[in-house]
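Analysis of the macromolecular model
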Amino acid sequence: MPIIDVHAHVGRWQFHLTTGDGDTNLRQMDRYGIDLQLVSAAEAVVYDAVAGNAALREVLAQQPRLYGYAVVNPNRPEQSAADLRRCLDTGRFVGAKIHTHYPGRLPGSREMAEAFDVVAEAGVPLLLHTWGREVTLLPELLASRPGLRVIMGHAGGDAWREAAHAAASCDRLYLEHCRTATDAGRVAYAREAGVPVERLLFGTDATLIDPCVSLGVVRDAGFTQAELDRVLWRNAAELFGLGAVPSPTRPSP
Amino acid sequence: MSAYDWLNAYEWLHPTPAEHVGWDVDVLYGSWPRHHIDVGFAEVRARLARSPVAGALALSTRGPLFDDEAGNAETLRDLADCPELLPVGTVDVRDAMTAEARLDELTAAGVRFLRLFTVEQVAEPGFPGYRRVVSLALDRGMVLLHDGDPRRFGPPLAGRGADVIFLDLHAYLLADFLLLAQEEPGFRATTRMLSGPDSIERVVDSVGPRHLVFGSRTPFMDISPQTLRLRYADISDDDRAAIATKNVEELLV
């Protein structure tokens, strides 16, 4: 069975750790049996969205097991809208990514609302960095954008309880739990709050975080075989329209 | 593919001997009002029994959150018949006038480890109460289990021959910790938040495995992400055993 990682990056980070080009991602994927990875460019997240997205287009052209998120800077919606179209036209980008920390905009701001409009217009899923109680605003933001589907990256971070209830109240919100601090019980809490297993996704934050951290969270969540099948790949394949997922890391059944 | 083969396709799903941990230095039990559920002593023991962690240094949350004297007594009483658990004491740095009596009680009981909760007790490195507690503990040869940012608490502890285990070292702060550890043989950190793909390897390569120990923060954090990170670390088996077990055993003498 495949594994699809819906939250990863390519490129360097401004910390004391080894990162690199797409080959770095592939080495880590092979180590843990991750077949496909959906990535954004670290450069696009922390520095220059347009330049980082352009560099990622080159990487994706060489790495068929990587699919892209085009980073949208909420401070520059018109520029990002055009850049998002450029990326999607390649056929190698399947979604958009918006961070909150680096551009300094949170849900509830005018700029973030405009950025949501850009992604809704493009009609692709949005991976949103979520970290704080502003996640409670997401159901309302989605209510006025009927086609938009949002993955709550990090599942709210330290606001994982609020994120769970937000996701439970809106069937176009998905939870993805990658994070360095692996608070116990987050997955169980979300499911008890009413988030169905069909809206739980597997993400790692590679290559910033080693994938085994998120794999350990999945192990401790105690999913059944059928639930693992959903969380590790099937939900992602359906959300992103990936169809039949090749599994180069393990033999065919 | 049969169900048996299907599950075995995910190697990370099942612990191996490489995940064995002799001593986990970061275990608590009891009430914590900020969390949605409490995990008592029996359940913590059960979680450890289901994990690859064989032994732990533990204490009741009563000490740091409510009453240090009563909490220490509770820890000593609860752990008296638990060979897999060793007691950790604590002193409330907000009431450092009583610190000497608390530390005398702990040393009389044979307690070797003192855990400081500067985050919960809102103590800064320069606060008189904090400085008093640290001086008294170091005078008694105690090992400090220290929360907070090592960049802030490390410098005032340097040059004193202190044995300190930093419990909250994040991968983002690794370079600063390595600079401290180069000068301080007694400075150690837990692997809990060293989530970068090569964070553990960088510590081993630059200052040696003696500067790392295992700490999971059970029951508030998942265990498997931490044991998997150790299992898959690109280090020697001897280095892995030192981090998982032997470094703590040296501190027990």
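A short tour of the structure in this document, coming up.

Calculation rules
- Think of each chain on its own: its residues are numbered from 1, step by step along the sequence as written.
- The order in which chains are written sets their letters, starting at A; the order in which ligands are written sets their numbers, starting at 1.
- Restriction of local features to residues with pLDDT of at least 70 applies here, the model being predicted, together with a cutoff of 80 or more for giving and counting side-chain atom pairs; totals for whole chains, interfaces and linings are based on all residues.
- In computing side-chain values, all of the structure's heavy atoms are included and hydrogens and water are not.
- Grid points spaced at 1 Å and placed over the protein atoms alone form the basis of the search, with a cavity being a set where a 1.4 Å probe fits but cannot get out and a pocket an open set showing protein on both sides within 12 Å along at least five of seven lines. Lining residues have an atom within 4 Å of a point.
- Grid points are joined across faces, edges and corners, and a volume is the space filled by probe spheres set on the points.
- The helix and strand labels rest on DSSP assignments: H or I over at least four residues marks a helix, E over at least two residues marks a strand, and numbering proceeds from the N terminus.
- Under the scheme applied, nonpolar residues are Ala, Val, Leu, Ile, Met, Phe, Trp, Tyr, Cys and Pro; charged residues are Asp, Glu, Lys and Arg; polar residues are all the others, including Gly.
- In what follows, salt bridge is the name for a side-chain nitrogen of Lys or Arg lying within 4 Å of a carboxyl oxygen of Asp or Glu.
- The buried label applies to any residue whose accessible area, calculated with a 1.4 Å probe on protein chains only, is under 20% of its type's maximum; exposed applies above 50%, and partly exposed to all values in between.
- One requirement defines pairing of two strands: DSSP has to find at least two bridges between them.
- The aromatic pairing rule takes the rings of Phe, Tyr and Trp, using the six-membered ring of Trp, and pairs them if the centres are within 6.5 Å, calling planes under 30 degrees apart stacked, those over 60 edge-to-face and the rest tilted.
- Two conditions define a charge located above a ring, namely a distance within 6 Å from the ring centre to NZ of Lys or CZ of Arg, and an angle within 35 degrees of the ring normal.

Focus on empty space enclosed by the protein
Residues and elements named next belong to chain A. Within the structure shown, the criterion is met by one cavity of 30 Å³ or more. If you add up the space inside the largest cavity, you get close to 120 Å³. With four residues, the top contributor of residues to the lining of the largest cavity is helix α9 (residues 211–221). Looking at the lining of the largest cavity residue by residue, the classes come out as nine nonpolar, three polar and no charged.

Overview of the pattern of salt bridges
Two side chains of opposite charge can pair, provided their charged atoms sit close to one another. For the coordinates displayed, the defined rule picks out 35 salt bridges over all chains. Here arginine 57 of chain A and aspartate 83 of chain A are joined by a salt bridge, their closest N and O atoms 3.7 Å apart. Pair noted here: arginine 57 of chain A is in helix α3 (residues 49–62) and aspartate 83 of chain A is in helix α4 (residues 77–89), with a separation of 26 residues, a long-range link. Among the salt bridges present, the one from aspartate 163 of chain B reaches arginine 188 of chain B, with a minimum N-O distance of 3.0 Å. With aspartate 163 of chain B in the loop between α7 (150–157) and β6 (164–166) and arginine 188 of chain B in strand β7 (residues 187–190), the pair connects residues that are 25 residues apart, well separated along the chain. Note on aspartate 163 of chain B: relative accessible area 23%, which makes it partly exposed. Each of Asp26, Arg115, Asp168, Arg192 and Arg217 of chain B takes part in one network of salt bridges that share partners.

Let's talk about the sheet that holds strand β5 (residues 126–129) of chain A
All names here are of chain A. Strand order in the open sheet formed by eight strands is β1-β2-β3-β4-β5-β6-β7-β8, with parallel pairing between adjacent strands. Of all the strands in the sheet, the pair left with one neighbour each is β1 (4–10) and β8 (200–201). The sheet contact formed by strand β4 (residues 93–98) and β5 spans three bridges and is parallel. Opposite isoleucine 98, over in β5, you have leucine 128 as the bridge partner.

Digging into the packing of aromatic side chains
A complete count under the given rule lists ten aromatic pairs over all chains for this structure. Centre to centre, the rings of tryptophan 160 of chain A and tyrosine 189 of chain A are 5.5 Å apart; their planes meet at 90°, and the pair counts as edge-to-face. Taken together, the positions of tryptophan 160 of chain A in helix α7 (residues 160–168) and tyrosine 189 of chain A in helix α8 (residues 186–193) put the pair 29 residues apart, joining distant regions of the chain. Within the aromatic cluster, the residues linked to one another by ring pairs are Phe166, Phe177 and Phe187 of chain B. Between the NZ or CZ atom of arginine 92 of chain A and the centre of the ring of tyrosine 67 of chain A, over which it lies, the distance is 4.7 Å. For arginine 161 of chain A, the ring lying beneath its charged end belongs to tryptophan 160 of chain A, and the centroid distance is 4.2 Å.

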